[in-house]
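Chain by chain, the residues:
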Amino acid sequence: MGTQDSSLKSTKKFHKQNILLIMTVLFTLATLVVGALVFRFYMEDFRKPSEAFIYDKYYVMITDNYKSDFWQSIYKGAFEAAKPQGIYVELLGQNMEGDYSCEQLMKVAIASQVDGIIVFANENDEMTQLINEAIEKEIPVVTLYGDCTKSERLSFVGVGSYNIGREYGRQIFNIIKEKRREDFIDSKTMSQRKTMQIAVLVNTDSQDSGQNIIISGLQETLDQENATNSEFNISMVPVDNKNTFSVEESIRDIFLSDEIPDVIVCLNELNTVCTYQAVVDFNKVGEVNILGYYNSEAIVSAIKKNIVYATIQIDTRQMGQYCIDALNDYYEYGNTSQYFTADITLINRHNVDSIQDMEESDE
């Protein structure tokens, strides 16, 4: 019996060793198969052609504030119009450390010998000299939103400033009519009617001709609508536009003054945002009517809350596309149109929802 038990134990031990050996072999084979498959997939991926693309041309866009929604939307329009044509557009300064002026970025673009420059220009002498220097080096330049009329720039892409002024004028006349109606309803206020104070926020850069044209359109529209001189008074309030902080300070000073305007007309996106923030901070919602500029998400939201009376929507994608068209015309035909004008639309509380629905359906 002792010999038989010993034999059985030896047999069981032998079987266990065989099972362990077989499992080890199977595990090793499985590991080798999986490793081979992973290696094969890796090699196939390695052999794929690189997705890097070589563009035919390289344009740059230069603005004073590449972070704003307004400029980002124009850039997107230019980028999307250029890419299918083998052209790369860079928003210059976006990937650089520090803040640079438009003039400094112009020098970078000229030194880089780019194929085309799209620049938010102004009428100062340095900008004029830089644009002419680029032209001398056969780099075509398109001025965008702000022009440099004394330079040899190729083309100007902007908005119809006079038409914007007329839209502002119509909205101010609507506000005057609403005030008239309120005064007639309340006989006590009839004898105490006061002149409506209208403040137009203008950049301290007095060489910006666009804002002068807007004010001219505004004034002429009010005259045509038969608003009497005793009903309104227009004043231009300078805003230090060096940076966001200086703009905020300039606008807060308005609300710290003795007489706060009844209507504030803003001629850019930043002024609009800072003004409605000041109206909220100083608890003046309903007392101050804001006529804004551009249709960022924040500004549209402020219209729905009745903080902003109306704003001007600009087809920024169209502006970006026009810039590319102007540069491409130059390369293809040797010349292009002197002026491109983007479409504008007025947004107020009556049409804000329908315009938003239309934009969402387009997307």
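Procedures and definitions
- Residues numbered from 1 in each chain as written.
- Predicted model: local features only at pLDDT ≥ 70, side-chain atom pairs only at ≥ 80, totals over all residues.
- Heavy atoms only, no water.
- Helix = DSSP H or I, 4+ residues; strand = E, 2+ residues; numbered from the N terminus.
- Buried < 20%, exposed > 50% of the residue type's maximum accessible area, 1.4 Å probe, protein only.
- Contact = heavy atoms within 4.5 Å.
- Axes fitted to C-alpha atoms, helices over the stretch in contact; angles between N-to-C directions.
- Parallel < 35°, antiparallel > 145°, perpendicular 65-115°, else oblique.
- Left-handed = near helix turned anticlockwise from the far one by under 90°.
- Nonpolar A, V, L, I, M, F, W, Y, C, P; charged D, E, K, R; others polar.
- Pairing = 2+ DSSP bridges.
- Phe/Tyr/Trp six-rings, centres within 6.5 Å; stacked < 30°, edge-to-face > 60°.
- Lys NZ or Arg CZ within 6 Å of the ring centre and 35° of its normal.
- Right-handed = clockwise from strand over helix to strand, strands pointing away.
- Core = buried A, V, L, I, M, F, W, Y, C linked by side-chain atoms within 4.5 Å.
- Arc of directions from axis to C-beta.
- Salt bridge = Lys/Arg side-chain N within 4 Å of Asp/Glu carboxyl O.

> Teacher, can you tell me more about the overall build of the protein here?
Helix and strand counts for the protein come out as twelve helices and twelve strands. Per-residue burial over the protein gives 42% buried out of 363 residues. In the protein, of all internal contacts separated by at least 6 residues, the share reaching a separation of at least 24 is 69%.

> Mind showing me how you'd approach the packing of helix α3 (residues 102-111) against helix α4 (residues 125-136) here?
Each pair of packed helices can be described by the angle between their axes along with the distance between the axes. Contact geometry of α3 with α4 gives a least axis separation of 10 Å together with a crossing angle of 15°. On the basis of the axis angle, α3 is roughly parallel to α4. Both α3 and α4 take part in a crossing whose hand is left-handed. Here Cys102, Glu103, Met106, Lys107 and Ile110 of α3 lie close against α4, whose contacting residues are Glu126, Met127, Leu130, Ile131, Glu133 and Ala134. Split by residue class, the contact of α3 with α4 holds seven nonpolar, no polar and four charged.

> It is not clear to me how the sheet that holds strand β4 (residues 141-144) should be interpreted in this structure. Could you clarify?
To summarise the sheet geometry, strands pair through backbone hydrogen bonds and adopt either a parallel or an antiparallel arrangement. An order of β2-β1-β3-β4-β5-β11 is seen for the six strands of this open sheet, with the pairing classed as parallel. Only two strands of the sheet have a single partner each, and these edge strands are β2 (87-91) and β11 (339-342). Adjacent strand axes in the sheet meet at a mean angle of 20°, parallel and antiparallel pairs treated alike. Relative to strand β5 (residues 155-159), β4 runs parallel, the two sharing three bridges. From the neighbouring strand, Val142 faces β5, where its bridge partner is Ser155. Across the face of the sheet, helix α2 (residues 69-82) comes into contact with β1 (57-62), β2 and β4 while running at roughly 165° to β2. Packing against the sheet, α4 makes contact with β3 (116-119) and β4, and its axis sits at approximately 150° to β4.

> How do you make sense of the sheet that holds strand β8 (residues 263-265) when you look at a structure like this?
Sheet architecture is open: six strands sit in the order β7-β6-β8-β9-β10-β12, paired in mixed fashion. The sheet terminates laterally at β7 (232-239) and β12 (344-348), the two strands that pair on one side only. Averaged over neighbouring strand pairs, the angle between their axes works out to 20° when direction is ignored. Where strand β6 (residues 196-203) lies against β8, three bridges are found, and the strand directions are parallel. Counted as the bridge partner of Val200 is Val265 from β8.

> Honestly, the packing of aromatic side chains in this entry has me stumped. Any pointers?
One pair of aromatic rings is described through two measures. These are the centre distance and the angle between the planes. On inspection of all chains with the given rule, the structure shows 16 aromatic pairs. Here a set of aromatic residues connected by ring pairs shows up, and it is made of Phe70, Trp71, Phe120, Tyr145, Tyr293 and Tyr294. The ring of Tyr331 carries Lys57 above its face, with NZ or CZ at 4.7 Å from the centroid.

> Even after reading the chapter, I still don't get the pairing of β2, so can you show me in this structure?
Note on strand geometry: in a regular strand, side chains alternate between the two faces of the sheet. With four of five residues buried, β2 is to be regarded as a mostly interior element. Where β1 lies against β2, five bridges are found, and the strand directions are parallel. Note on β2: the bridge partner recorded for Met61 is Leu91. Traced from β1 through α2 to β2, the parallel crossover comes out right-handed.

> Before we go on, may I ask you to explain the nonpolar core in this structure?
Side chains of a nonpolar character, in soluble globular proteins, are inclined to be buried together. One finds Ile117, Tyr168 and Val265 to be the most contacted residues of the largest nonpolar core, which totals 74 residues. Aside from chain neighbours lying at most four places away, what touches Val265 is Tyr168, Ile172, Ile198, Ala199, Val200, Leu201, Leu218 and Leu291. Of all hydrophobic cores here, the second largest spans 25 residues; its members include Val237, Cys266, Ala302 and Val352.

> How should I be thinking about the environment of Thr341 in this particular structure?
Along the chain, Thr341 falls in strand β11. For the pair Thr341 and Gln318, spaced 23 residues apart in sequence, the C-alpha to C-alpha distance is 9.0 Å. Contacts of Thr341, omitting those with residues within four sequence positions, involve Gly158, Val159, Gly160, Gln318 and Tyr322.

> Can you help me understand helix α10 (residues 297-304) in this one?
What sets the pattern is the α-helix's 3.6 residues per turn: residues three or four places apart point alike. The set of residues buried in α10 consists of Ile299, Val300, Ala302 and Ile303. For α10, the buried positions fall inside an angular range of 155° around the axis, keeping them on one side. Two residues or fewer past α10, Asn306 is found with a positive phi of approximately 60°.

> Help me understand the packing of α2 against helix α11 (residues 316-333), please; the structure alone is not making it clear to me.
Viewed as axis vectors pointing N to C, α2 and α11 meet at an angle of 45°, and their least axial separation amounts to 7 Å. Relative to α11, the element α2 lies oblique. Seen along the crossing, α2 lies across α11 with a hand that is right-handed. Of α11, the residues touching α2 (which contributes Phe70, Ser73, Ile74, Lys76, Gly77, Ala78, Glu80, Ala81 and Ala82) are Thr316, Arg317, Met319, Gly320, Gln321 and Ile324. Here the contact of α2 with α11 is composed, by residue class, of seven nonpolar, five polar and three charged.

> Sorry if this is basic, but what is going on with the pattern of salt bridges here?
For side chains bearing opposite charge, pairing can occur when the charged atoms are close. In this structure the tally under the stated criterion is nine salt bridges. Measuring nitrogen to oxygen at the nearest pair gives 3.3 Å for the salt bridge that ties Glu133 to Lys137. For Asp353, the salt bridge identified is with Lys304, shortest N-O distance 3.7 Å. One end of the pair, Asp353, is in helix α12 (residues 352-362); the other, Lys304, is in helix α10, and 49 residues separate them in sequence.

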